[in-house]
Amino acid sequence: MRLHAGICGSFPRPQALRKAFDDLSEGKISDGEFKNVLRECILEVARLQEKAGMTILTSGLLSWHDLFRPFTMELDGLEAGRLIRFFDNNFYYRCPTIIGRILWRRPVTVDEVQEVRRNTRELVKAIIPGPYTFLKLSENRFYASEDQLLDDLIEALRAEVNSLRGSADLIQVDEPSLVDPELGRSERLKGIEVVNEFLSKLGMPENEVIIATYFNLDPERYAMLLDLRAGLHVDLRSTPAEADLALKEHGFDGQILSLGVIDSRSIYPEDPREIVYRVRAYLDSISPHVLIFSTSSWLDYIPYNEAVRRLDALGRVLAEAEVRFL
Amino acid sequence: MSCKLPDKLRTTVVGSYPYFPEALKAFQLRRRGDRGPEYEALVREATKKAIMDYLDAGIDILADGEQRREDMAVFFAEELDGFEISEPVRIFDNVYFRKPVIAGRISWRREMLVEDWKYASSISAGKPVKVTITGPYTMYSWSFDKFYGNMRNAILDLAESFRKEIEALVRAGATFIQIDEPALSTRAEKMDVLIAGEAFEIMFKGLSNVKRITHICYGKLERLFPEILDFPIDQYDFETKNRNYELLSLLREYSFDKELALGVIDVHSSRIEPVEEIMEGIARGLELLPPEKLYIKPDCGLKRLKREVALEKLRNMVEAARRARETLA
């Protein structure tokens, strides 16, 4: 079993980038000047990840306003609609509103991933929203047939992943809706089917794709996730007792298991030793080829300075696990 | 001086109004720890302008525009004992707020809203001014907890603190008290709703001659029913326009017969709703309740809009209510 560490997705925007966004919207700086600030901030966040001991880096998704936004802006047929709360967080996304046929025209996220790729020797992970969560959290004003909508959406996301292949070592497909407690069993099964169909269209090996879920894990939902033909990220902190039970009861024998061990929505100090001790309790039940220690979800829910502390704690979890597990 | 309000389809606001330059300057002073005469003068000037806009639009029940509050949670966290303030945290797009951190036992320190209410009331042309308070559940949910590690204990301490503030407001003469609980609709757990109910009991129990209001918005409001109907609340203020008035069906299911403040303006869009469109929304509300129990207002606070957009939306809303009253007559 190989051990890695890396954040689940985003990192809070550095102050310089927050200001650059405001300056851009007020016409105080040009697109070119904004992109320079963005590039510098991506490098800053990549360096922070390396310094903390991450072995898998992301771009921090610093330009993303939410899970969907780069795609609602760049894909044909979509626009950013009303603000909606993102699950139970004090964080809102613009509802992807489908107003025409969904078509991929050009790479959406490749530039930021390449920026990290050019500047690190560590593994690089790219993130995209998954088709099922995209479908569930969007508003369809165009397609008469949901099957046709899904076909086009899956094709657009497949094209994006295809464009990322030269730059990213891992693709993370975010599917928090798969563990949404509001879903019934049949809807969840449909979600698993949709994601597996997407995975089969990607045609990538299981050790290069991770399906990321967060916020609401329990044993029943987890058991269903095991039918996914890819690596898996699970949030161990939002519902800790149920998540621990899920792993103990159902184990894991796939290629990649990413454990969200650092609470990305709290600033309560973490104890890396205690975290490793807890994971060790079900180490006999899980046997992935690659075990990744990660944050429970994106880090947008806490301030930048606290995210830096969380990153440091995650690095110490990996170091502790290397001593205890290997 | 008091002003006679219409007895049907009264118009009101949720609370916040776009910040005037004076308010923005006051925030800068406040961040530097300067709360001297210049700061107070700036807040008053901004409050005066908000009140004048509300009056210009013709709103019946006003608020002070929350020009003193850079953020609805941070303001109270800075005024109560037990809180610290974090670095900025994102809410959406590139919009951030400094999240409160609970670092000790929460308690009431001093009056927070009484002077602002008195001032706003003195320039409101006799119209009532509603007081808005960020509710205990939302205060807890929008804070990081480094002290309690127990939601209920923290929320009940917050409720006790706000009870003291409400008593001071009532003593001063306030008659419309609104508790804002936008975080309440984000949770599925019934336990959370019950804890919020305990907090409302603490804050509102035994108060007389006061309109007890709660504003809840965005999220899954349906999760709060039916428990929320047992809260000691006279008027429920909901976001309804943004969800195409779907909530009204649910209220009908529960035979809702209290007062409803109906959201008819989308506060996240700069599009000015035409009067006729707002009248359609009012008509939807009238299918549920008689006009005496229906208050007309935007979905939520207006602070994210440009001032001229907010004002124009309010003018159309007031005109729509006026025409709807005429139709009823």
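Everything below is about the structure shown above.
From a predicted model like this one, the values you see are computed outputs, not experimental measurements. (Residues numbered from 1 in each chain as written. Chains lettered and ligands numbered in written order. Predicted model: local features only at pLDDT ≥ 70, side-chain atom pairs only at ≥ 80, totals over all residues.)

## Here's the deal with the overall build of chain A
Within chain A, the regular secondary structure consists of 11 helices and 11 strands. At 19 Å, chain A has a C-alpha radius of gyration in line with the 20 Å of a compact globule built from 326 residues. Viewed in the frame of its principal axes, chain A has a C-alpha envelope of about 50 × 45 × 35 Å. Taking all 326 residues of chain A together, 50% fall into the buried category. For chain A, restricting intrachain contacts to residue pairs at least 6 apart in sequence, the fraction spanning at least 24 positions comes to 77%. (Helix = DSSP H or I, 4+ residues; strand = E, 2+ residues; numbered from the N terminus. Rg over C-alpha atoms; globule rule 2.2 N^0.38 Å. Buried ≥ 20, exposed ≤ 12 C-beta atoms within 10 Å, placed from the backbone. Contact = placed C-beta atoms within 7 Å.)

## What about the overall build of chain B?
Secondary structure summary: chain B contains 10 helices and 10 strands in total. For 329 residues, the compact-globule estimate of 2.2 N^0.38 gives 20 Å, and the C-alpha radius of gyration of chain B, at 19 Å, lies within 12% of that figure. In terms of principal-axis extent, the alpha carbons of chain B reach across some 55 × 45 × 40 Å. The buried share among the 329 residues of chain B stands at 50%. If you take every contact in chain B between residues at least 6 apart in sequence, the share linking residues at least 24 apart comes to 77%.

## Things to note about the environment of Ser-121 of chain B
Residue and element names in this part refer to chain B. For Ser-121, the position within the fold is in helix H4 (residues 114-122). Take Ser-121: there are 19 C-beta atoms within 10 Å of it, and that puts it in the partly exposed class. Remark: the alpha-carbon pair of Ser-121 and Ala-41, spanning 80 residues in sequence, is separated by 17 Å.

## As for the interface of chain A and chain B
Residue-level contacts link 22 residues of chain A with 22 residues of chain B. At the level of elements, helix H1 (15-25), strand S3 (76-85) and helix H11 (304-325) of chain A are the ones that each hand at least two residues to the side of chain A that touches chain B.

## So, the sheet that holds strand S7 (residues 170-174) of chain A
By way of backbone hydrogen bonds, the strands of a sheet pair with one another, either parallel or antiparallel. Residue and element names in this part refer to chain A. As summarised here, the arrangement of the eight strands in space is S1-S11-S10-S9-S8-S7-S5-S2, forming an open sheet in which the pairing is parallel. The outermost strands of the open sheet, each flanked by one partner alone, are strand S1 (2-5) and strand S2 (56-57). Where strand S10 (residues 256-262) lies against strand S11 (residues 290-295), six bridges are found, and the strand directions are parallel. Considered in S11, the bridge of Ile-262 is made with Thr-295. (Pairing = 2+ DSSP bridges.)

## Some words on unusual backbone geometry
A cis amide bond links Phe-225 of chain B with the next residue in sequence, Pro-226 of chain B, at an omega value of 0°. As for its placement among the helices and strands, Pro-226 of chain B is situated in the loop between strand S7 (211-216) and strand S8 (235-238). We note that Leu-61 of chain A has phi near 50°; this positive angle belongs to a residue other than glycine. Residue classification places Leu-61 of chain A among the buried residues on the basis of 25 C-beta atoms within 10 Å. You will see that Ser-255 of chain B, though not glycine, has its phi angle at about 50°, which is positive. Along the chain, the position of Ser-255 of chain B falls in the loop between helix H8 (247-253) and strand S9 (259-263).

## Quick notes on the pairing of S7 of chain B
With five bridges connecting them, strand S6 (residues 176-180) of chain B and S7 of chain B associate as parallel partners. When the bridges of S7 of chain B are listed, Ile-177 of chain B appears paired with Arg-212 of chain B.

## Here we look at the sheet that holds strand S2 (residues 81-92) of chain B
Residue and element names in this part refer to chain B. Pairing within the open sheet is mixed, and its three strands lie in the order S2-S3-S5. Two strands bound the open sheet, and with one partner strand each, they are S2 and strand S5 (144-145). The pairing of strand S3 (residues 95-107) with S5 spans two bridges and is classified as parallel. Residue pairing for S5: Ile-102 is matched across the bridge by Asp-145.

## Quick look at the packing of helix H9 (residues 275-286) of chain B against helix H10 (residues 307-328) of chain B
Residue and element names in this part refer to chain B. The interhelical angle for the contact between H9 and H10, taken along N-to-C directions, is 55°, at an axis separation of 8 Å. Taken as axis vectors, H9 and H10 run oblique relative to one another. The crossing of H9 and H10 is right-handed. Of the residues in H10, those in contact with Val-275, Ile-278, Met-279 and Ile-282 of H9 are Asn-316, Met-317, Glu-319, Ala-320, Ala-321, Arg-323 and Ala-324. Within the contact of H9 with H10, the residues separate by chemical class into eight nonpolar, one polar and two charged. (Axes fitted to C-alpha atoms, helices over the stretch in contact; angles between N-to-C directions. Parallel < 35°, antiparallel > 145°, perpendicular 65-115°, else oblique. Left-handed = near helix turned anticlockwise from the far one by under 90°. Nonpolar A, V, L, I, M, F, W, Y, C, P; charged D, E, K, R; others polar.)

## Section: helix H6 (residues 151-172) of chain B
All names here are of chain B. If you check H6, its first and last C-alpha atoms are 32 Å apart, about what 22 residues at 1.5 Å a residue would give, namely 32 Å. By the burial criterion, the buried members of H6 are Ala-154, Ile-155, Asp-157, Leu-158, Ala-159, Ser-161, Phe-162, Arg-163, Glu-165, Ile-166 and Leu-169. Where H6 ends, the next residue or the one after it, Gly-173, has phi of about 120°, a positive value. (Expected span 1.5 Å × (residues − 1).)

## Remarks on the environment of Ile-102 of chain A
Residues and elements named next belong to chain A. With respect to the helices and strands, the residue Ile-102 is situated in strand S4 (residues 92-103). Residue classification places Ile-102 among the buried residues on the basis of 26 C-beta atoms within 10 Å. Expressed as a C-alpha distance, the spacing of Ile-102 and Val-308, which sit 206 residues apart in the sequence, is 37 Å.

## Thoughts on the environment of Ile-51 of chain B
Residues and elements named next belong to chain B. Mapped onto the fold, Ile-51 is located in helix H2 (residues 37-57). Take Ile-51: there are 26 C-beta atoms within 10 Å of it, and that puts it in the buried class. Residues Ile-51 and Ser-124, 73 residues apart in the sequence, show an inter-C-alpha distance of 6.6 Å. Not counting chain neighbours up to four residues away, the residues in contact with Ile-51 comprise Leu-62, Asp-64, Gly-65, Ala-120, Ile-123 and Ser-124.

## A look at the packing of helix H10 (residues 272-280) of chain A against H11 of chain A
Each pair of packed helices can be summarised by the angle the axes make with each other and by the distance between the axes. Residue and element names in this part refer to chain A. Viewed as axis vectors pointing N to C, H10 and H11 meet at an angle of 50°, and their least axial separation amounts to 9 Å. Here H10 lies oblique to H11, going by the angle between them. Between H10 and H11 lies a crossing of right-handed hand. On H11, the residues that touch Pro-272, Arg-273, Ile-275, Val-276 and Arg-280 of H10 are Ala-313, Arg-316, Val-317, Glu-320, Ala-321 and Arg-324. Residues that form the contact of H10 with H11 fall into these classes: six nonpolar, no polar and five charged.

## Focus: the pairing of S3 of chain A
Residues and elements named next belong to chain A. Two strands pair when backbone bridges link them, and S3 and S4 are joined in this way by seven bridges, in the antiparallel orientation. Paired with Glu-79 across the bridge in S4 is Thr-97. Where S3 folds back onto S4 in an antiparallel hairpin, the turn is made up of six residues, including Phe-87, whose phi is positive at roughly 50°.

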